[in-house]
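Architecture and fold: a report
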Amino acid sequence: MLRITVDGTAYEVEEGLTLLQALDDLGVLMKGVDIPHYCWHPKLSIDGSCRMCQVEVEGVPKLQIACDTPVRDGMVVHTGNERVRKAREGVMELMLVNHPLDCPICDQAGECKLQDYAFDYGQMHTRTREPRRALKKRVDLGATIVFDQERCILCRRCVRFCREIPGTSELAITQRGDRSTVETFPGKPLENDYSMNVADICPVGALTTRDFRFKVRVWFLEEVPGICTGCSRGCNVHVGVADDQVRRYTPRRNDEVNDTWLCDYGRMTYQEIGAPDRISEPAVRGDAGQLVGTTLEQAVECAAQLMRTAVEKEGPGVVAALASAHATNEDLAALRGLLAALGSETHGVPIVTGPADALLIRPEKAANAEGARVAGFGEPGLLLDKIRGGGVRVLIVLGHDIIHEQFLGSPEALAALDGVILLDTHRSRLEQVAHVVIPARHLAEKGGTVTNFEGRVQAVPAALEPAFEAVAEAQVLARIASALDLSISDESERKRETD
Amino acid sequence: MGHRVPHVTHYLTEHFADPGYTTLSGYRAQGGYETARRVLAEQSPEEVIGTLKNAGLKGRGGAGFDAGLKWSFMPRDQAGPSYLVCNADESEPGSFKDRVLMERGPHQLLEGILIPAFATGAATTFLYIRGEYAEPARILQRAIDEATAGGVLGSNVLGTGFAHQVVLVRGAGAYICGEETGLLESLEGKKGQPRRKPPYPAECGAFGRPTTVNNVETFCHVPHVFARGVDWFRSIGTEESPGTTLFGVSGHVERPGLYELPLGTRLDEIIFEHAGGVPGGRKLKAAIPGGVSMPLLPAGHLDVPMANEFLREHGSSLGTGGVIVMDETTCMVRVGCVISEFFRDESCGQCTQCREGTGWLHKLMLRIERGGGTEADLDVLEDVAGKMEGQTICAFADAAAWPVQALLRHFRSEFLEHVRAEKCPFPESFEL
Ligand SMILES: Cc1cc2nc3c(=O)[nH]c(=O)nc-3n(C[C@H](O)[C@H](O)[C@H](O)COP(=O)(O)O)c2cc1C
Ligand code: SF4
Ligand code: SF4
Ligand code: SF4
Ligand code: FES
């Protein structure tokens, strides 16, 4: 460990780091020690080109860029004195020479580093009377990203990202000098599984996702911590909520899980939350064989009745449950509790699998696959055999992953059951065979914990209320249990209190 | 050592009038490659470095760094190859000495490469030549081929057992590829953009290997240092800057051309005695001592000896020795326009100050020249140049800022004249 002094405060830092990296690792960068920076990004290689991060190092005649200055034992650094401020103002002024300053119509306004630092270090208007560089305002770099050439400050974060993280190198700076611009090679658009991250790391409003562009001004957006449910990585996200709707996911930094990235697929899973095919109303199958809308109380009662009848007729073993690996640990615990109280041991969790990569994307396409295993849920094979063999009369289904071709294939396989109790977020063909349908909450609507593939238990709060009446699955299950006069140890509630 | 060496003060160009000198046999006829053979056969690398350090040969590529010292930075104990690079990118307006050195004395350059190559243990020299130099490239390639066929280059250099190859690489037309790390990027097939330093090339240069980059002329001096000795070499030029150099004189002089003269020759002597002075009886107005990136000097300051230690006192530098002479008909704002246009065009564009500042300077210059400037613009010019200086990845931004600062320092009144008259007081000499 080395000792350095920054603005009069001593810090212990690790050898071999640059000043910015060391301060970032300590958690004080921009949170106590303000060294504005554009090109430096904690997860990308050093660029050293924006020249914004200059600081004074005692004993060194020239100002040094903090992003590329290794820490030395006994180093004394000044980050905010007159000389440093003047240098930053100089960089800011030059940076703004060609900037369109169209903040009022810029999507980045409110989370723009240029705007932020310009307030601190700039005249927002430079003294230039020269015409600004006129460039293209809307270039499609690929299917997901739109580029405003005029706003680009050429920090090369996006270029380095594509080269260093997905390794696809679609972006390059072409031309030189003040004609420089970001471009793709002809016929090779920005097209990788992580493309939208470039919009997050672009420090200005030059790169925007086609999805979020002009949707909401960021200051109307409430950002709540969440977890992506796209795979068992469990990437940390900010759930961006405005007008009671989730408008976007953006990465929430977690160096142990996802650094500062999200895959495009996972990022877009937020759309599931406000999707038009959400199950929004409890229903029970009526005498005419149709599903008829009802209240939650009646749906719960109906479910309890189906289970009661089956158990009375054929014993507790004929009630079984299939849960999706999207269910939280709390939901799964409640389900196990209910089954245990009934005396049934028949359950399974089907885990849909798909392509994976070496970066983030995991093969198990649900956030809580590992949590399900830890909770004792196994592969659904035995359960499916038992269903096919007639050994199950009533089935509780949590989530529709079961009708993935890997598992049940089609819902017909359940048609012979006396009761199919479906707790789900989204409509599916399972409704054709369900006797009771109860709307469920998405993770972002209920919060809770999920366990990622490495066994990391991650807790998130609810980010918003669903647009319809729905309670979390754990509570639905608890109500069914109480309708059956069973007591299930509600681990979910206890867990939540201790978190 | 009783014998007296003849006092040759144009040793680099002595045989340049002889067309045969470009061939291997012609070069050998003048004793060529004998020095290298003797040095490689008889001396240790340490001795060679020692001699070079004692010689005090300063790099001729612009920065004037001590060549022997630079070669001594090359690690000798590392496994794997190390490289020399001969910087033949010569793109500084006003400079054309390397071109002549390559066209007229390609073997002198190759011999000059072999000695430090041996001293640094380099396996290969990359000779990086600017793309526009098609003819010098052809001549050099022929010389390399001839030298290779003749056992001068290759696995057994001059029969000494030392192995060395020279690889000619042509650039694609960018001034910034003359900056040594921009060159290395380009050499590796990347966009020519200077690297952050450290690491310096001696540690991590071409293809990640220890590398030293030197100017064409720097190499060309080396055989002479060994042929005639350190004392002889140091007897030419000044204490701090020994040897001759090639002054390329262009602009308003009677006899533009290349003059090999001792370092420390006075600028006015070069202009008036060697280059014949200003034609048509017109008065001299200013001169740039060493290529456009060096601050110009007004007529009253031309009695300065052309060596860095003296030019420094005048706020300028020797640069590449490309002297550009301007007479009284020259509009200094136009000079500013032309120079700032060059830098705007050539900035690689990585650093904020350089990318944006070069464009801004050029726009300001143009506006003032066209009569649209204000007094405040002069302060902005100075201020922008100040903000570009000393804060960027490479020295290009300084090179772009200094000429502007010098113009304002020495010719502010002429800028003001443009502002007040709202037009250029000079007849338009060429289209901007
Ligand atoms: C913008 C810029 C352009 C340069 N162009 C050249 C060039 O064309 N030729 C050259 O030899 N050195 C050039 N240099 C200097 C090189 O970076 C380097 O210092 C030189 O090649 C070292 O050789 P020397 O030590 O033999 O002088 C340039 C430097 C800068 C900053
Ligand atoms: S588009 Fe954004 S991230 Fe990319 S270089 Fe420009 S400012 Fe930087
Ligand atoms: S890698 Fe997985 S968890 Fe991360 S964003 Fe993609 S789908 Fe979501
Ligand atoms: S100073 Fe100019 S030329 Fe040099 S690296 Fe920076 S932008 Fe490129
Ligand atoms: S953040 Fe250090 S130079 Fe850009």
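Residues numbered from 1 in each chain as written. Chains lettered and ligands numbered in written order. Predicted model: local features only at pLDDT ≥ 70, side-chain atom pairs only at ≥ 80, totals over all residues. Heavy atoms only, no water.

**Section: the overall build of chain B**
Threshold: Going along the chain from the N terminus, every DSSP run of H or I of four or more residues is numbered as a helix, and every run of E of two or more is numbered as a strand. Using C-alpha atoms as the atom set, the radius of gyration is obtained and then compared with a globule rule of 2.2 Å times the number of residues to the power 0.38. Three exposure classes are used, based on accessible area relative to the maximum for each residue type with a 1.4 Å probe and protein chains only: buried under 20%, partly exposed in between, and exposed over 50%. Every residue pair with non-hydrogen atoms within 4.5 Å of one another is taken to be in contact. By the counting scheme adopted, Arg and Lys are positive, Glu and Asp are negative, and His together with the chain ends is not counted. Taken as the charge location is NZ of Lys, CZ of Arg, CG of Asp or CD of Glu.
The secondary structure content of chain B amounts to 16 helices and nine strands. Compactness check: chain B gives a C-alpha radius of gyration of 22 Å against a globular reference of 22 Å for 432 residues, within 12% of the reference. Each principal axis of the C-alpha atoms in chain B carries an extent, and together these give about 70 × 45 × 35 Å. The burial tally for chain B puts 61% of its 432 residues in the buried class. The contacts in chain B between residues at least 6 apart in sequence include a share of 71% that link residues at least 24 apart. Charged side chains of chain B number 41 positive and 54 negative; the gap between the two group centres comes to 2 Å.

**Overview of the sheet that holds strand β12 (residues 236-242) of chain A**
Residue and element names in this part refer to chain A. Convention followed: For two strands to be treated as a pair, DSSP must find at least two bridges joining them. Interaxial angle, 0 to 180 degrees, is taken between N-to-C directions of lines fitted to C-alpha atoms, where a helix line uses only the stretch in contact.
What the three strands build is an open sheet, ordered β11-β12-β13; its pairing is antiparallel. Lying at the two open borders of the sheet, with one neighbouring strand each, are β11 (222-227) and β13 (245-251). Pairs of neighbouring strands in the sheet enclose a mean axial angle of 35 degrees, with direction left out of account. Across six bridges, β11 lies against β12 in antiparallel orientation. By the bridge assignment, glycine 226 is partnered in β12 with valine 237.

**Some remarks on unusual backbone geometry**
With an omega of -5 degrees, the peptide bond running from B:Lys197 to B:Pro198 counts as cis. Here B:Pro198 shows up in the loop between α8 (180-187) and β4 (211-215). That bond from B:Pro198 to B:Pro199 is cis: its omega, 0 degrees, falls within 30 degrees of zero. Here B:Pro199 is to be found in the loop between α8 and β4. Residue A:Ser169 is not a glycine yet carries a positive backbone phi of 55 degrees. Summarising the element assignment, A:Ser169 is placed in the loop between α4 (157-164) and β8 (171-174). In the Ramachandran plot, B:Leu158 falls in the positive-phi region, its phi being about 55 degrees despite a non-glycine side chain. Residue class for B:Leu158 comes out buried when judged on its relative accessible area of 13%.

**Things to note about the pairing of strand β5 (residues 244-251) of chain B**
Residue and element names in this part refer to chain B. Where burial is concerned, most of β5 is hidden: seven out of the eight residues are buried. Where β5 meets strand β6 (residues 257-262), six bridges bridge the pair, whose relative direction is antiparallel. What sits directly across from valine 249, in β6, is glycine 257. Taking the residues that link successive antiparallel strands as the turn, the β5-β6 hairpin has five residues. With four bridges connecting them, β5 and strand β9 (residues 322-327) associate as parallel partners. When the sheet's bridge partners are listed, valine 249 is paired in β9 with valine 323.

**Section: the confidence of the model for chain B**
Residue and element names in this part refer to chain B. Applicable threshold: The quantity known as pLDDT measures the predictor's confidence residue by residue, on a range of 0 to 100.
Across chain B, the average pLDDT comes to 95, with 98% of residues at 70 or higher. This model gives residues 1-6 a pLDDT under 50, and the stretch forms three contacts once residues within four places in sequence are excluded. ipTM for the predicted complex: 0.91, alongside a pTM of 0.93.

**Some remarks on the pattern of salt bridges**
Residue and element names in this part refer to chain A. The line we're drawing: Any carboxyl oxygen of Asp or Glu within 4 Å of a side-chain nitrogen of Lys or Arg constitutes a salt bridge here.
On inspection of all chains with the given rule, the structure shows 63 salt bridges over all chains. Its salt-bridge partner being arginine 248, residue glutamate 111 comes within 3.3 Å of it at the nearest N-O pair. Residue glutamate 111 is located in the loop between α2 (82-96) and α3 (113-121), and its partner arginine 248 is located in strand β13; the two are separated by 137 residues in the primary sequence. We classify glutamate 111 as partly exposed; its relative accessible area is 32%. Arginine 248 sits in the buried class, given a relative accessible area of 8%.

**Brief notes about the nonpolar core**
Across soluble globular proteins, nonpolar side chains show a tendency to be buried alongside one another. Test applied: To qualify as a nonpolar core, a set must consist of buried Ala, Val, Leu, Ile, Met, Phe, Trp, Tyr and Cys residues joined through side-chain atoms within 4.5 Å.
Counting residues in each nonpolar core, the largest one holds 61 residues, and the members touching the most others are B:Leu187, B:Leu296, B:Met332, B:Phe343, B:Leu381, B:Phe396 and B:Phe415. Per element, the largest residue contribution to this core is 13 residues, and it comes from helix α16 (residues 396-421) of chain B. Contacts of B:Met332, omitting those with residues within four sequence positions, involve B:Lys285, B:Ala286, B:Leu296, B:Met326, B:Leu407, B:Phe411, B:Glu414 and B:Phe415. Formed by 58 residues, the second largest nonpolar core is a distinct cluster that contains A:Leu44, A:Leu190, A:Val239 and A:Tyr249.

**Structural notes on the pairing of strand β1 (residues 83-88) of chain B**
Residue and element names in this part refer to chain B. β1 sits mainly inside the fold: six of its six residues count as buried. Of the two faces of β1, the one holding Tyr83, Val85 and Asn87 and the one holding Leu84, Cys86 and Ala88 are both buried throughout. Pairing geometry for β1 and strand β2 (residues 124-129), over six bridges, is parallel. Across the sheet, the residue bridging to leucine 84 is threonine 125, located in β2. Strand direction decides the pairing type here: β1 and β4, joined by five bridges, are parallel. Residue pairing in the sheet places tyrosine 83 in a bridge with threonine 211 of β4.

**Details of the interface of chain A and chain B**
We count it as follows: A quick way to say it: buried area is the sum, across both parts, of accessible area lost when two parts are put together, with a 1.4 Å probe. In protein, a polar contact means a hydrogen-donor-capable atom and an acceptor-capable atom, both N or O and within 3.5 Å, with residues adjacent in sequence counting only if both atoms are side-chain atoms; elsewhere, any N or O pair within 3.5 Å suffices. The classification used treats Ala, Val, Leu, Ile, Met, Phe, Trp, Tyr, Cys and Pro as nonpolar, Asp, Glu, Lys and Arg as charged, and all other residues, Gly among them, as polar.
Of the residues lining the interface, 34 residues belong to chain A; the matching set on chain B comes to 34 residues. Both faces combined, the contact of chain A with chain B buries some 2800 Å², and carbon together with sulfur accounts for 43% of it. Per-residue buried area on chain A facing chain B is highest for A:Leu94, A:Glu130 and A:Arg176; these three make up 25% of the total on that side. Across the chain A-chain B interface, the total number found is six salt bridges. Linking chain A to chain B there are 21 residue pairs in polar contact (both at pLDDT 80 or more). If you list the elements that add at least two residues to the side of chain A that touches chain B, you get α2 and β8 of chain A. Considering each element in turn, the side of chain A that touches chain B owes the most residues, six residues, to α2(A). Its residues placed into classes, the side of chain A that touches chain B shows eleven nonpolar, ten polar and 13 charged.

**Here's the deal with the site of ligand 2**
All names here are of chain A. What counts is decided by this rule: When we say a residue is near a molecule or strand, we mean one of its heavy atoms is within 4 Å of it. Buriedness for pockets is judged along seven lines, at least five of which must meet protein on both sides within 12 Å for an open set on the 1 Å grid over protein atoms alone, while cavities are sets there where a 1.4 Å probe fits but cannot get out, and lining residues have an atom within 4 Å of a point. For a molecule to be placed in a cavity or pocket, more than half of its atoms must lie within 2 Å of the grid points of that cavity or pocket.
Within the structure, ligand 2 sits among 14 residues, and Cys152, Cys155, Arg156, Cys158 and Cys202 are positioned closest to it. Comparing atom positions with the cavity grids shows ligand 2 to sit within the second largest cavity. Residue composition of the shell around ligand 2, grouped by class: twelve nonpolar, no polar and two charged.

**A look at empty space enclosed by the protein**
Residues and elements named next belong to chain A. Condition: Grid points are joined across faces, edges and corners, and a volume is the space filled by probe spheres set on the points.
Taken as a whole and assessed by the stated rule, the structure comprises six cavities of 30 Å³ or more. Empty space within the largest cavity amounts to approximately 100 Å³. Forming the boundary of the largest cavity are 16 residues, of which His99, Cys103, Cys112, Leu114 and Gln115 lie nearest the centre. Residue composition of the lining of the largest cavity, grouped by class: ten nonpolar, four polar and two charged. A volume near 90 Å³ is recorded for the second largest cavity. Considering the residues around the second largest cavity, the lining is formed by 13 residues, among which Cys152, Cys155, Cys158, Cys202 and Leu207 are closest to the centre. The residue makeup of the lining of the second largest cavity, split by class, is eleven nonpolar, no polar and two charged.

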